[in-house]
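# Survey of secondary and tertiary structure
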Amino acid sequence: MGKINSSQLAAAAGVLLLAVWPLIFRNQVQFHQVLGMTCLYAILALAWNIYALSGAISLGHTAFFGLGAYASALLNHHYHWSPLCTMPLGALAAVVFAVFWSLGFRRLRGVYLGLASLAAVEIPKTIVDNWDQLTYGSMGIVGLDRLPTLTIGGVEMDFGLNVTAQYYLLLGIMLLALLLHWKCIRSRWGWTLRVIRENETAAAALGIDSNRERAKALMLSSYLAGIAGALYAHIMGLVEPALVFNLHLSVLPLVFSIFGGSTMVFGPVLGALILYPLEQLFLMPLFPMGHSALYGLVIILTIFFFPKGIAAWLPAPPKSV
Amino acid sequence: MKPNISLAGVWLRKIACLLALFILGTTLPLAAAEKIRLGEIDPLSGHLAKPGQEIHQGILYAVEEANARGGVAGRPVELISRDDQSKPEVAVNQAQDLIFRQKVTGLVGGYVDSLVGPISQQAARNRVPYVASASLQQSIAGNKNPYFFRVSRLEGVVEPLCRFLTQTLKTRRVAILHAATPGSSEFSDSVQAHLRQAGSEVVLEDKFRPGSPDFSVFLLKLPPARVEALISGGFYADNLILVRQLRERPLGLKAFIAPWGVAYQSFIDEVGPASEGLFGACAWDPGITRPGTEKASQAFVAGFRKKFRKEPNTTTMHGYTSARALLAAIEQVLQGAGQLTGEAVSRALAHLDLQLPMERLAFDAHGDPRYYQQVIVQIQKQRLVVVYPPERARGRVDFSLAAR
Amino acid sequence: MWVGTPVIFTGLSLGSFYALIALGFSLILGIARAFNLAHGEMILLSGYLAFVLWHYFQVPFVFILLICSLVLVWVTIPLNYLLRRLPEPYGLNTLIVTLGLALLLQNLFLAWFSADYRLMTPAWPMVNVPWLNFSFPLHQGVLIVLALLVTGAVHLLLQGTFLGKALRATIQDREAAQMAGINVQRLSLAAFGLGGLLIGLAGPLFAQNMYLYPAAGVEATMIAIVVTIFAGLGRIRNILLGGWLLGLTQSATIFALGSRWRELVSAVLLLLLLYFRPQGFSLKKEG
Amino acid sequence: MAASAAQVCLELRQNKKFFGDRTILRGISFCLEVGEILGLIGPNGAGKTTLFNIISGWQKPAAGSVIFLGQETNTWPPERLSRAGLARTFQSPQIFPEMCALENVLMGAWLRQEHPPLPEAQEEAAYCLSLVGLMDKGQTPVRELPLPQQRLVELARALATRPRLLLLDEIAAGFSQAALNRLAAGLLKLRDQGLTLLLTDHLFTLLEAVTDRVLALDHGEIIAQGPPADLIRHPEVISAYLGTRYCSNANNGGA
C-alpha cells in the first residue's frame, strides 16, 4: 500500500482514458458503439481466461454465453421480468452447465479437454434448438426488453437506446470483471490456480485438489460468460441458437486472451481493446472485402513476434507475490 | 533485456503514430457535399457470402446505372458497402458507422432476418430510411417503423407454393425438410398451416443444420410414409446435396419443391441432368419477367452481363430492386425541391409506386411490399419454365419428369 | 430388402468420408502436436485444385487424387517450418496461428473462386447387390474402399517401417521418444508430409461429396476434430473405427429420431466415450 | 491401541499391487515410528516407487491397508494425504517451471492448509530454502537450475508444508560427496525436530549416513531388513543387486 508503481499508474491512466474519451468525442457515436461491444467481448475474454488460469484451454465457452443469453431471454419473454433481474439469474444457467462440465470432464486434460468442450456445446445448443414450446426452436426470440433506463445521481441513463450510456454500463461491468480477474491472479487462490497450471502433480503434493479449484474457476468463469451472453441478448433484443451458440464466440475470447497475454491481469482486455476496434473501425471500412485476411495476418504476426502477448509490453509488475 | 524493451517502446510509439493518423484520416468529415451517399450492409464474407455478394452486385449495378444516367436529379451517387459477417452486432456497428461517420442518406441491402432486424432498429432510431433486400420474417415488419421497407416477404413465397401444391399438383401427403434457421423454420410453419387449411397432410417434418453432408437416410423414410411431395426449406448448398441424393434411389415422389436455391441457372449447371423436373420458386429470372417490363429486364440483363461477366439471378434482382426503390424516393424528394432528410425520403418511399422487372413496388403501412409474389418454376430441358400461377405460366407441369 | 441395410451402408460410407477427412488432422496433431485449425481450408485448397482439373482439363478422377495429394505436401511442409518457429506453448500457439491462416485462406478463396458453390459431379453408376436385393451408388462404395485402403496403407507404414515405429513412439509418449534419441523435429516434418498427402486426398472427395465455397473449411475442420476425439490420439485404425461409429450413429439417429437430433446424439455419445475412456476408446488403460 | 497409534507414524499391512498380469508388490508390511528414519533399497523394478506411490496416494493398493497417523488412508487422494501431513518428492522433480526457486518454496508455505499470512510464509520459505543451501539461487527461474538443485528446491518446498512424514524418492541422485554430507546433516537435524522420514536411494551412501533401519525390496517383497551396516552384507541383498540369476539361486537356497 502507499507506494504507487509504474504498472499501477499505467492501469489507472488506461481506465481513466476509457472513462473520459466519450466525453471528449461526444459525437462519434459509432466509436461508443464499437467500444461498448469491445467491453462486452472483453468480459467474455476475461471469463475465458479465469478458467485458462488453471491451465484449462476451453473451446466451449459459447455454451455459457448462449445459456446465459437464452435463460435471461426466456425469463424476460415468459415472465416479463426486467433485464436487471433476468441477467444475473439467467447467468446461473451457465453455472449449472459448468457443474456438469466439471463433473464430466474431471479426468480430461490438455487437448482432450479442449476437444471435449468443443463437443459439449452441442448439448445445450441442440436442446435449445429443438425445444420449440419453450424456446421457439430455430426461430429464436425477438423483441426482448432492452436494457432499462436508470436514474443514477440525478442523471438519467438510458442503457437500452443511448449508445454512450450503454458504453458506460458495459465499461463498468468490464471493470468489475477485470477486478475479479485481477483478484484471480493476485491472491492466494490465484496462486493456487497458477500452481495447478504449472504442475498438477506438484500441486497435489502440496495438498491442492486441482479438480475442485479448477471447478471453482469454471463456476466463476461460466457466470461471467453467462452475464456477457445475457447482456448481448438484451442489447441486440434477440436470441437465436445459431447466433449465441457459435464457435466464433468460443474462439474469440481465446484469441483476445492469447493475443493480449493470458497470464497478465490486463491481457484479455488489451487483446479485445486492440483487435476488435481494429477490425470494426479500420479494417472493415477500409477493406470491405479483404478485412478478415488482414485480421488473420495481424494475429499470425503477433504470435510470432510477441509470443507472450501484447501485455508483455506493459511495465512489469514488481517481482513479489 | 534492456535494448529489447526500448525497441518495443519505439515500435509502440511508431504504431501509436500510425493509429493516430488512421483515426484522423478516417474521422475527418469527407468533403463532398454534392454526392448522395448510400450505405449497404451485406454478408460479403463467410457462410452467406454467395447471396450477400449477389445482392451487393445488384445494388452496385443500380447505383452505377443511376450514375450513368447523370446521377439522381443531377447529383452523383456513392455506394459505401460494408460486410456484416453474418453477425448482428457487426451489422449494428457498421450501420452506426455508416450513419454517423459516413452520413449516408439511406441504407440498403441485408440478408437474413437476424441481421435485417437490428439494422432496421438502428435506422429507426437515427431516422435513416432502410430498404431491406431480402427479408422474410413477419415479426420484423410487425412493429411500426416508418423508416423500414423491404422488397420481399414470406407470404409472397408461401402462398403461391401452397396453392400450386393443392390446386395443380393435388398432393395429399407432403413432407417438409427445413434448415435450422429462423427464416426456414418460419417458412416451414407457415407452409404447414396453409396446407392443413387446404386439407393436405404433412406426414413428415424434420429439420437439419445447414451444412449437413447427408440426407439419404432421411430420404429413406419417404416411401414408407407414402409421401407424394417433398418441400425443402434448405438453401442453395443444402439443395445441391439433397437433389443428388434424391436421384440415387426411386422414392415414388410426385414432386420436389424448394423455394430457395433451385430456381437458379447456376444450380442447374452444377447439378446437371439430376435437376430435371424439380420445382422451385423465384421472383425474377432473365427469362422470367413481369409482363410489361420485358424491355427493362433485358436491358438489365445485358448491362449486368457486360459489367460482371455473369448471369444475374433472382437474388441479384432483389438487391437491384431495393436500391432502385431507395434511389427513386431520393429522386422524388430532390425533384420536389425538398430537403434530403430521412423523414422526407421515408415519406417518399411510403408513397412509391414503381414498375420494376421483379415486381410492381409499393409498400403497405408496415413497409412490406404489396405486390410481391413469386412464381413456381419447373426445370425442363435444363431451363426454368414457369408453371404457376396460370396467368404467368409458360409451360405445363411435366409430371413424367417429376416422378422419375 | 431389409430397411436397415441402406441405413448401415450409408452410415459406413459417411463414416469413411469422415475418416478420410480426419486422417491428416489427426496425424499432425498426434505426432507434431500441432493443432491445425486451417485443416479444412487446406482440404478446400485441394478441393478447388481438383475442381479446376476436373472442370477445365477433364482429368480422370484417379489422377486428380494423385495430383492433389502430391501438391498439398508442398503446402504442409512449409507450414511445418513456419510453425516450428513458434515458441511454447506450442499447441496453443499453433491453434491461433492456424486460425489466422484459415481466415487468410478463406479470403483468398473468396478472391480467386468467388463465393459461388462448386462441386464435382462425375457420373457414378448404381451398383446392384442381388443377394441383398440392395443397390447403392458407386461413389459411396468407393469411399468405403478408399478409406480401408488408405487406413491400411498408413497402418502398415506405421507398423512395418522404422519411421513408422518412431512415429508411433512419438504419438504415445513424446518426451520418452525424445529421450530415446528420436529426432522429433524430423518426425514432425514426416507427419506434416504424410498429413499433406492425406489432406490432398481428402480434397477431391470433399469437392465431390460436399460442395466447395470459401467458408466450407470450417465444416471440414469440425468433422476432423470430432472424429479425432472419437478415435483418440492413438492408433491410425481407430480413426476409421471412430469415423464409422460416428457415421453409423448419425444415420441411425436420423432414421430413428430425425435429423434434428443428429448433433445431440453424436455429442452425447462422444462425451460418454470421453468420460469412460478419456484417452480414446481402444487404447489400453494406463496404470 | 491409542498409545501405540501415537507412536506409529505409518503402518503398511499386506499391501499388494498388480499391473496387468505382473505383480509389482506382493504383501508388504512394515511399521514406521514417529521420528524414525527408514531407508528403502532395492534394484530397479523392485517396487520402491510403486510403494511410495501407494503410501502417498498416487496409486491404490490392490489389497492390504495403509495406516497413516492412525487412519486408514487407502482410498485417500494424494492432496488429502498431503493436507494430513505427508509430503514427498519425486524421482523426476516436480517443480513449477515458470517460477523462481523462492516462489516454488513459497507455494509450499503459503498454500498449505493453515493459510498463513503472506509475510510469515515468505519468511518460512526463505528459511526452508536456506535449509537446503540454495539461498543464493532464490531468484533463479527453477527450470534453469541443474537437476540435483531442482530436487533440493522440491525438498525445500516439501519441508515448507510442515509435514509429519516426508518421503524422499532418490533425492541424492547426482549429488557430489560434499552436497551429500550436507544433505545428510540436514536430514538428521530435521529428524531431531520430530520429522519422520522414509527415503529410497539407489546408492547406499546416504542411507548409511542417516537411516536407523533399512528395508531391502526385491520383486515386490521385503527380502531383508535391519540396520544399514548389517544389510549391506546380507547375502540376499547382494544377490538382488548383482542380478536375477543370482537372485533366483538365492531364493531357491533360502527356500
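What you see is a predicted model; the values in this text were computed from it and never measured.

### A word on the overall build of chain C
Of the regular secondary structure elements, chain C holds 11 helices and two strands. Walking chain C from its N terminus toward its C terminus, one meets helices and strands in the order α-α-α-α-β-β-α-α-α-α-α-α-α. For 287 residues, the compact-globule estimate of 2.2 N^0.38 gives 19 Å, and the C-alpha radius of gyration of chain C, at 19 Å, lies within 12% of that figure. Based on the C-alpha atoms only, the size of chain C along its principal axes is roughly 55 × 50 × 35 Å. Among the 287 residues that make up chain C, the fraction classed as buried is 62%. The long-range fraction of contacts in chain C, counting pairs at least 24 apart against all pairs at least 6 apart in sequence, stands at 76%. With the model as given, the accessible surface of chain C reaches about 11200 Å², and the carbon-plus-sulfur share is 70%. Once the 15 positive and 8 negative side-chain charges of chain C are each reduced to a mean point, those two points are 10 Å apart.

### Overview of the confidence of the model for chain C
Residues and elements named next belong to chain C. Per-residue pLDDT for chain C has a mean of 85; in total, 95% of the residues score no lower than 70. No element of chain C has a lower mean pLDDT than helix H7 (residues 174-179), which averages 72, and none a higher one than helix H2 (residues 39-57), which averages 93. Residue range residues 281-287 is modelled with pLDDT below 50. Its contacts to residues more than four positions away, or to other chains, number 12 contacts.

### A closer look at the side chain of glutamate 240 of chain A
Topologically, glutamate 240 of chain A is positioned in the loop between strand S4 (238-239) and helix H12 (241-244). Buried within the structure, glutamate 240 of chain A lacks any salt-bridge partner; lysine 125 of chain A is the closest side chain of opposite charge, at an N-O distance of 10 Å.

### Comments concerning the environment of proline 93 of chain D
Residue and element names in this part refer to chain D. Looking at the element boundaries, proline 93 is found in the loop between strand S6 (86-88) and helix H4 (101-110). Residue proline 93 is classed as buried on the basis of its relative accessible area, which comes to 13%. Sequence separation between proline 93 and phenylalanine 68 is 25 residues, and the spatial gap between their C-alpha atoms is 24 Å.

### Let's talk about the domain arrangement of chain D
Residues and elements named next belong to chain D. Here the domain parsing of chain D yields domain 1 (1-85 + 166-255) and domain 2 (93-162). Together, Arg83, Ile171 and Phe175 form the three largest contributors to the area buried by domain 1 at its contact with domain 2, with a combined 36%. Linking domain 1 with domain 2 are zero salt bridges, by the criterion used here. Our count for the domain 1 to domain 2 interface comes out at one residue pair in polar contact (both at pLDDT 80 or more).

### Quick notes on the sheet that holds strand S8 (residues 196-200) of chain D
Residues and elements named next belong to chain D. The sheet built from six strands is open, its strands ordered S6-S7-S8-S3-S9-S10 with mixed pairing. In this open sheet, the two edge strands, each paired with only one partner strand, are S6 and strand S10 (221-226). Each adjacent strand pair in this sheet contributes to an overall mean axis angle of 20°, direction not counted. Examined bridge by bridge, strand S7 (residues 165-169) and S8 share five bridges and lie parallel to one another. Residue aspartate 169 lies in a different strand from S8, and its bridge partner there is threonine 200. Along the sheet, helix H2 (residues 48-56) makes contact with strand S3 (37-41), S6, S7, S8 and strand S9 (213-218), crossing S7 at roughly 155°.

### Concerning the pattern of salt bridges
Summed over the entire model, instances satisfying the criterion amount to 32 salt bridges over all chains. For arginine 209 of chain B, the salt bridge is made with glutamate 122 of chain A, and the minimal N-O distance between the two is 3.0 Å. You can see arginine 209 of chain B sitting in the loop between strand S7 (201-208) and helix H8 (216-220) and its partner glutamate 122 of chain A sitting in helix H6 (residues 122-130), one on each of two chains. You'll find arginine 209 of chain B and glutamate 122 of chain A in the same group, each marked buried.

### Focus: the packing of aromatic side chains
Residues and elements named next belong to chain A. Enumeration over the complete set of coordinates arrives at 43 aromatic pairs over all chains. Ring centres of tryptophan 21 and tyrosine 167 lie 5.5 Å apart, and the angle between their planes is 65°; this geometry places the pair in the edge-to-face category. Of this pair, tryptophan 21 sits in helix H1 (residues 6-24) while tyrosine 167 sits in helix H8 (residues 163-185), and the two are 146 residues apart along the sequence. The exposure class assigned to tryptophan 21 is buried, which follows from its relative accessible area of 13%. Plain terms: the ring middles of tyrosine 70 and phenylalanine 245 are 6.3 Å apart, the flat faces sit at 15° to each other, and that makes the pair stacked.

### What to know about helix H2 (residues 49-68) of chain B
Residue and element names in this part refer to chain B. Look at H2: 28 Å from first C-alpha to last across 20 residues, which is about the 28 Å you get at 1.5 Å a residue. Of all 20 residues that make up H2, 16 are buried, and the element is covered over most of its length. Immediately beyond the C-terminal end of H2, within one or two residues, lies glycine 70, with a positive phi of roughly 100°.

What counts and how
Residues numbered from 1 in each chain as written. Chains lettered and ligands numbered in written order. Predicted model: local features only at pLDDT ≥ 70, side-chain atom pairs only at ≥ 80, totals over all residues. Heavy atoms only, no water. Helix = DSSP H or I, 4+ residues; strand = E, 2+ residues; numbered from the N terminus. Rg over C-alpha atoms; globule rule 2.2 N^0.38 Å. Buried < 20%, exposed > 50% of the residue type's maximum accessible area, 1.4 Å probe, protein only. Contact = heavy atoms within 4.5 Å. Areas by Shrake-Rupley, 256 points an atom, 1.4 Å probe, with all protein chains shown as cover. Lys, Arg positive; Asp, Glu negative; His and termini not counted. Charge placed at Lys NZ, Arg CZ, Asp CG, Glu CD. pLDDT = per-residue confidence, 0-100. Salt bridge = Lys/Arg side-chain N within 4 Å of Asp/Glu carboxyl O. Domains from an automatic or database assignment. Buried area = accessible area lost by both parts, 1.4 Å probe. Polar contact = N/O pair within 3.5 Å; in protein donor to acceptor, adjacent residues only side chain to side chain. Pairing = 2+ DSSP bridges. Axes fitted to C-alpha atoms, helices over the stretch in contact; angles between N-to-C directions. Phe/Tyr/Trp six-rings, centres within 6.5 Å; stacked < 30°, edge-to-face > 60°. Expected span 1.5 Å × (residues − 1).

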